[in-house]
Amino acid sequence: SQVSDGASAMLLVSEEGLKRLGRSMADTIELIGTGHSTASLYEDSDPTVLSTSAHAIQQAYAAAGVHAGQVNIAEVHDCFTVTELLMYEAMGIAAPGKGGDLLAEGVTDIGGRVPVNTGGGLVGFGHPVGATGVKQAVEIWRQMKGKAGGYQVPGSPGIGLTVNMGGDDRTTVVGVFKNVG
């Protein structure tokens, strides 16, 4: 993906803040679990396994009380096409070495069992450093609330996952979201 500049913002408010804005809980999604993991920048690891991301994802699943089979939609770091395939494995929706098979089977397509990167991911969005994490969360919100227009997934996803990684899997931040309302 072509790295570009970017910025984004997200408004986090209390239930009282929602009322003051004229919004309801049905307009929101809830962050129910997070995970964060880091690894040394000075030690090489297996380039075919995103172990730091997998660790952070497992932390987030545990914090949220969910497992990979419950994820309905995901936005993952895909700085290179192969990274998305490796993320399927780190997420636990594909067995090791089987990320490509999952893609070929259509599981991660917009109409698939676990749509991934419905907004184009970094490859399609320009890799806006500094804005990626918020863009991922906004994309999950759009899909959960039926606001994605021509690329809306079928149904109403209940559990969403965001995985933002940097430094060749040296630092990862993960969020698990629940559709409210």
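Residues numbered from 1 in each chain as written. Predicted model: local features only at pLDDT ≥ 70, side-chain atom pairs only at ≥ 80, totals over all residues. Heavy atoms only, no water.

(A) Just the nonpolar core, in detail. With 28 residues, the main nonpolar core has Tyr-61, Met-91, Leu-161 and Val-176 as its most contacted residues. Those residues in contact with Val-176 that sit more than four places away from it in its chain are Glu-30, Leu-31, Ile-32, Gly-33, Ala-60, Tyr-61, Ala-64, Val-66, Ile-159, Gly-160 and Leu-161. (Core = buried A, V, L, I, M, F, W, Y, C linked by side-chain atoms within 4.5 Å. Buried < 20%, exposed > 50% of the residue type's maximum accessible area, 1.4 Å probe, protein only. Contact = heavy atoms within 4.5 Å.)

(B) Spotlight on the confidence of the model for the protein. Mean pLDDT over the protein works out to 92, with 98% of the residues at or above the 70 mark. By mean pLDDT, strand S1 (residues 4-5) is the weakest element of the protein at 71, and helix H2 (residues 51-64) is the strongest at 98. (pLDDT = per-residue confidence, 0-100. Helix = DSSP H or I, 4+ residues; strand = E, 2+ residues; numbered from the N terminus.)

(C) Spotlight on H2. Taking 1.5 Å of rise per residue, the 14 residues of H2 would be expected to cover 20 Å, and the 20 Å separating its terminal C-alpha atoms lies within 8% of that figure. Of all the residues in H2, the buried ones are Thr-52, Ser-53, Ala-56, Ile-57, Ala-60, Tyr-61 and Ala-64. Residues of H2 that are buried sit in contact with strand S2 (29-38), helix H3 (81-91), strand S5 (159-166) and strand S6 (171-179). Directly beyond the C-terminal end of H2, a positive phi value near 70 degrees is found at Gly-65. (Expected span 1.5 Å × (residues − 1).)

(D) A look at a nonpolar patch on the surface. Together, Leu-11, Val-13 and Leu-21 line one region of the surface with nonpolar side chains, adding up to about 290 Å² of accessible area. Inspection of the secondary structure assignment puts Val-13 in the loop between S1 and helix H1 (15-20). (Patch = residues over 30% accessible without salt bridge, like charges linked within 9 Å, V, L, I, M, F, W, Y side chains within 5 Å. Areas by Shrake-Rupley, 256 points an atom, 1.4 Å probe, with all protein chains shown as cover. Salt bridge = Lys/Arg side-chain N within 4 Å of Asp/Glu carboxyl O.)

(E) Spatial organisation of the pairing of S5. Buried residues dominate S5, accounting for seven of its eight residues. One ladder, built from four bridges, connects strand S3 (residues 73-76) with S5; its direction is parallel. Across the sheet, Glu-75 pairs through a bridge with Thr-162, a residue of S5. Sheet topology note: the S5/S6 ladder contains eight bridges and is antiparallel. Counterpart to Ile-159 in the pairing with S6 is Lys-178. The turn joining S5 and S6, which pair antiparallel and follow one another in sequence, is formed by four residues; a positive phi near 60 degrees is taken by Gly-167. (Pairing = 2+ DSSP bridges.)

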